[in-house]
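What follows is the residue order along each chain.
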Amino acid sequence: MARRNPIAIDKLTSDLEDVLQSELQRFNSENASTLSFPDYDVEQKQRLVGALEGILMGGHDSLTTCNALETLRILSRDRQELEPFVSAALVREVVRHAGLEEEVCQYDVQGARVASGLAEALAVVLEAQKCLCNILYNSPRARDTVSASSTETAILGRIRQGSHLGEVLYFDLRLLFLLTALIPESRQRVKTQDGAALLTDLLCRPTDDRTCIETLKSLFNLVADKDEDAELSLHLVATLQRVLVQSEDEELTSAPRRRGDASARRGKIPAQSTGPSDDFVNRRAGSSRRRAALHALQGER
C-alpha cells in the first residue's frame, strides 16, 4: 500500500479557495476508505480539527466548505482519537451547515440558488448531515451539544414543511434515529412534539425504500415504551396495514437489507395494539416494503 502524505495543516489557514480545495481534496481522495489515523500525533490532530473548524466558520464558498466537512467526516470514523477534539463550537458549525439550527429549521433554497447554485448548496447540507451522523454515533461529548441545540426540533420542523430535496429527508431521518436511540432527552422531546404521529403520517407519503425503513427505525424508538399512547399505537398499526395494501405490486431489490435493518432496530408495538390477523399477513407477504411493515406489525417472534 502506498504511503499517504499527511495533510499540510498550514495550508488550511490560507485565504485562497483553490489552495484549500486542493489540499482537502487530496486528503479526502487518499483517505476515502481510511478508518484510523495513527500517523497523526495529538498535537497534529488538534491543529487539523481546529483548522477545519476555522474553515467552517470562515464563510468560504460551498465547494471548500463541502470539502472541509468531508475531511471532518473521514476523521470522525476514528472514535477513540476524535473525541478529545470535538468542541461544542465545531459541532454547532456542523449543525448549522446541515440547516438544523432550531431558529432556522430549514436550508435556504432560494438564497442558495443566488449564492452558489442549488446543487452546491445541497451538497453542503448532505455532507454536513453525513458528518453529523458519524459524530453523533462516535462522540458522547457531541451528543451533549446536539441535545442542547434541540436538533430534533429542527428535523421535525423540516419534515412538517415537506420541502426536502434530494436525499436530505433520508439523512434527516437517519439523524433522528440516532438522536432518539442515543439521547433520552431528544427522544422525549420528539414524543412531546407529536413526532410519532408525524412519522406515522410520513409513511403514507410517496418515499423510497431507504427512507421508509429509516422512518420505521425512528418510530420503533418512540413506541417501544410500554406506556405509549394506545390511540397512537393503533394509528401506527392502521398506517402500516395501508402500506402493506398499497405496496402489494411493488418488488424492491433491497429486501434483504431492509428486513435486516428493520429486525435489528425495531422495538415492539405496545400490548394495547392489535396486529393484523395471520390470514392478512399470509396474503400480503410479497414485496420488501410489505415485509418490512410486517416486521413492524408483528414484532420479534
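Since this is a predicted model, take the numbers as computed values, not measurements.

What counts, and at which threshold
Residues numbered from 1 in each chain as written. Predicted model: local features only at pLDDT ≥ 70, side-chain atom pairs only at ≥ 80, totals over all residues. Heavy atoms only, no water. Helix = DSSP H or I, 4+ residues; strand = E, 2+ residues; numbered from the N terminus. Buried < 20%, exposed > 50% of the residue type's maximum accessible area, 1.4 Å probe, protein only. Contact = heavy atoms within 4.5 Å. Areas by Shrake-Rupley, 256 points an atom, 1.4 Å probe, with all protein chains shown as cover. Phe/Tyr/Trp six-rings, centres within 6.5 Å; stacked < 30°, edge-to-face > 60°. Lys NZ or Arg CZ within 6 Å of the ring centre and 35° of its normal. Arc of directions from axis to C-beta. Disulfide = S-S within 2.5 Å. Expected span 1.5 Å × (residues − 1). Salt bridge = Lys/Arg side-chain N within 4 Å of Asp/Glu carboxyl O.

Participant: Where do I start with the overall build of the chain in this structure?
Facilitator: Of the regular secondary structure elements, the chain holds 17 helices and 0 strands. For the chain, the residues scored as buried account for 51% of the 301 residues in total. Sequence-distant contacts, at least 24 apart, represent 79% of the contacts inside the chain between residues at least 6 apart. Looking at the chain as shown, the accessible area adds up to about 14100 Å², and 49% of this sits on carbon and sulfur atoms.

Participant: For this particular structure, what's the right way to read the environment of Ala-88?
Facilitator: Within the element layout of this structure, Ala-88 appears in helix H5 (residues 88-97). For Ala-88, a relative accessible area of 31% gives the class partly exposed. The spacing of Ala-88 and Asp-144 is 56 residues in sequence and 8.6 Å in space, taken between C-alpha atoms.

Participant: What am I meant to see in the packing of aromatic side chains here?
Facilitator: Any aromatic ring pair is given by two values, namely how distant the centres are and how the planes are angled relative to each other. This model, assessed by the stated rule, comprises 3 aromatic pairs. Geometrically, the ring pair formed by Phe-37 and Tyr-40 is edge-to-face, given 6.2 Å between the ring centres and 75° between the ring planes. In this structure Phe-37 comes out as buried when scored by relative accessible area, which is 5%. Taking relative accessible area as the criterion, Tyr-40 reaches 10% and is therefore assigned buried. Each ring, one from Tyr-170 and one from Phe-171, has its centre 4.9 Å from the other, and the planes form 70°; the classification is edge-to-face. Here Tyr-170 matches Phe-171 in class, with each residue buried. Ring pairs connect the aromatic residues Phe-27, Phe-37 and Tyr-40, which therefore count as one cluster. Over the face of the ring belonging to Phe-177 we find Lys-217, whose NZ or CZ atom lies 4.7 Å from the ring centre.

Participant: Honestly, helix H11 (residues 184-192) in this entry has me stumped. Any pointers?
Facilitator: Given 3.6 residues per helical turn, the α-helix brings residues three or four places apart onto the same face. Of the residues making up H11, those classed as buried are Ser-186, Val-190 and Lys-191. Buried residues of H11, viewed axially, fall in a sector of 140°; they line one side. The elements touched by buried residues of H11 are helix H8 (140-148), helix H9 (151-161), helix H10 (168-182), helix H12 (195-202) and helix H13 (209-223).

Participant: Please clarify how the state of the cysteines should be interpreted in this entry.
Facilitator: Linking two cysteines covalently through their sulfur atoms gives a disulfide. Inspection of the entire model under this criterion finds 0 disulfides. Lacking any disulfide linkage, Cys-204 is separated from the closest cysteine sulfur, that of Cys-212, by 9.9 Å.

Participant: Any chance you could explain H10 here in plain terms?
Facilitator: In a regular helix each residue adds 1.5 Å, so 15 residues correspond to 21 Å; H10 covers 21 Å between its end C-alpha atoms and thus fits that length. All of the buried residues along H10 are Val-168, Leu-169, Tyr-170, Phe-171, Asp-172, Leu-173, Leu-175, Leu-176, Phe-177, Leu-178, Leu-179 and Thr-180.

Participant: What exactly am I supposed to notice about the pattern of salt bridges here?
Facilitator: If charged atoms from side chains of opposite charge come close, those side chains can pair. Taken as a whole and assessed by the stated rule, the structure comprises 10 salt bridges. The closest approach of N and O atoms between Arg-189 and Glu-152, which form a salt bridge, is 2.4 Å. With Arg-189 in helix H11 and Glu-152 in helix H9, the pair connects residues that are 37 residues apart, well separated along the chain. Residue class for Arg-189 comes out partly exposed when judged on its relative accessible area of 24%. Judged by relative accessible area, Glu-152 falls into the buried class, the value being 0%. Ionic contacts of the salt-bridge type, sharing partners, join the residues Lys-11, Glu-23, Arg-26 and Glu-30 into one network.

Participant: I keep staring at the side chain of Ser-186 and nothing clicks. Help me out?
Facilitator: Structurally, Ser-186 can be placed in helix H11. Looking at Ser-186, the relative accessible area reads 0%, which means it is buried. Among all residues touching Ser-186, those that are not within four sequence positions of it are Ser-147, Glu-152 and Leu-179.

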